[in-house]
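In case you want the letters, here they are:
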Amino acid sequence: VQLQASGGGLVQAGGSLRLSCVASGVIFKLIPMAWYRQAPGKQRELVAAITGGGSINYVDSVKGRFTISRDNAKNTVYLQMDSLKPEDTAVYYCNTRSRLYAGVDYWGQGTQVTVSS
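Model, not experiment: these values are computed from the prediction.

Undergrad: With reference to specific residues and values, describe the overall build of the chain.
TA: Looking only at helices and strands, the chain has zero helices and 11 strands in total. Ordered by position from the N terminus, the helices and strands of the chain form the series β-β-β-β-β-β-β-β-β-β-β. Principal-axis analysis of the C-alpha atoms places the extent of the chain at approximately 40 × 25 × 25 Å. Relative to its full complement of 117 residues, the chain shows a buried share of 39%. Of the contacts made within the chain by residues no fewer than 6 positions apart, 53% connect residues no fewer than 24 positions apart. Positive and negative side-chain charges in the chain, numbering 12 and 7 respectively, have mean positions lying 6 Å apart.

Undergrad: Go over the pairing of strand β3 (residues 17-24) with me, naming the residues and quoting the values.
TA: Look at any regular strand and the pattern is simple: side chains alternate between the two faces of the sheet. In this structure, strand β1 (residues 2-6) lies alongside β3, joined through five bridges in antiparallel fashion. Looking across to β3, one finds that serine 6 is bridged to serine 20. Sheet topology places β3 next to strand β8 (residues 76-81); six bridges connect them, and they run antiparallel. Across the sheet, leucine 19 pairs through a bridge with leucine 79, a residue of β8.

Undergrad: Give a detailed account of the side chain of threonine 76, specifying residues and quantitative values.
TA: Structurally, the position occupied by threonine 76 is in strand β8. The class for threonine 76 is buried, based on a relative accessible area of 5%. In terms of polar contacts, threonine 76 uses its side chain to reach the backbone carbonyl oxygen of lysine 74, at 2.7 Å. Leaving out residues up to four positions away in the same chain, threonine 76 has contacts with Ser20, Cys21, Val22, Phe28, Ser69, Arg70 and Asp71.

Undergrad: Give me the lowdown on the sheet that holds β1, citing residues and values where you can.
TA: Pairing is antiparallel in the open sheet, where four strands are placed in the order β1-β3-β8-β7. A single partner strand is all that each edge strand has here, and the edge strands are β1 and β7 (66-71). The mean inter-strand angle of the sheet, taken between neighbouring strand axes irrespective of direction, is 15°.

Undergrad: I'd love a proper account of the pattern of salt bridges, names of residues and values included.
TA: Evaluated as defined, the whole model comprises five salt bridges. In this structure, arginine 37 engages aspartate 88 in a salt bridge whose closest nitrogen and oxygen atoms are separated by 3.0 Å. With arginine 37 in strand β4 (residues 33-38) and aspartate 88 in the loop between β8 and β9 (90-97), this pair connects stretches of sequence that are 51 residues apart. There is no split in this pair, since arginine 37 and aspartate 88 are both buried. Across the pair aspartate 105 and arginine 97 runs a salt bridge, and its minimum N-O distance is 3.7 Å. Within this structure, Arg37, Glu45, Arg65 and Asp88 form a network of salt bridges that share partners.

Undergrad: Before we move on, can you summarise unusual backbone geometry with the specific residues and values?
TA: Despite not being glycine, serine 83 has its phi angle at roughly 50°, a positive value. Tracing the chain through its elements places serine 83 in the loop between β8 and β9.

Undergrad: Could you give an account of the environment of asparagine 57, with specific residues and numbers?
TA: Among the structural elements, asparagine 57 can be located in strand β6 (residues 56-58). As a C-alpha pair, asparagine 57 and isoleucine 68 span 11 residues in sequence and 8.7 Å in three-dimensional space. Non-local contacts of asparagine 57, meaning those with residues more than four positions away in its chain, are made with Leu46, Val47, Ala48 and Ala49.

About the thresholds
- Residues numbered from 1 in each chain as written.
- Predicted model: local features only at pLDDT ≥ 70, side-chain atom pairs only at ≥ 80, totals over all residues.
- Heavy atoms only, no water.
- Helix = DSSP H or I, 4+ residues; strand = E, 2+ residues; numbered from the N terminus.
- Buried < 20%, exposed > 50% of the residue type's maximum accessible area, 1.4 Å probe, protein only.
- Contact = heavy atoms within 4.5 Å.
- Lys, Arg positive; Asp, Glu negative; His and termini not counted.
- Charge placed at Lys NZ, Arg CZ, Asp CG, Glu CD.
- Pairing = 2+ DSSP bridges.
- Polar contact = N/O pair within 3.5 Å; in protein donor to acceptor, adjacent residues only side chain to side chain.
- Axes fitted to C-alpha atoms, helices over the stretch in contact; angles between N-to-C directions.
- Salt bridge = Lys/Arg side-chain N within 4 Å of Asp/Glu carboxyl O.

Next up, the structure:
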């Protein structure tokens, strides 16, 4: 299982970014996918998750601003981030954990998102 994330960058508050994560070595349509983030000095937190069937959940702080989606034909999960705030600044990681693949966490390499005020 390999995850390759991309799409981070520097943006002003109120701006938008879209993160992408391509998975390989998996039957993508069957596995849940998630985005986590870790800000300096803080624990990694779950931002958004989507199951193989399309059920979605978000951490409260991003509801109404972020949208997670998946394209099973492209083995890709996206995180559309709108109305970004300085407190969204973090390294963002894509993740999957599925009993189909030993039930362990697999992580992408992380992509930096910096929101300036």
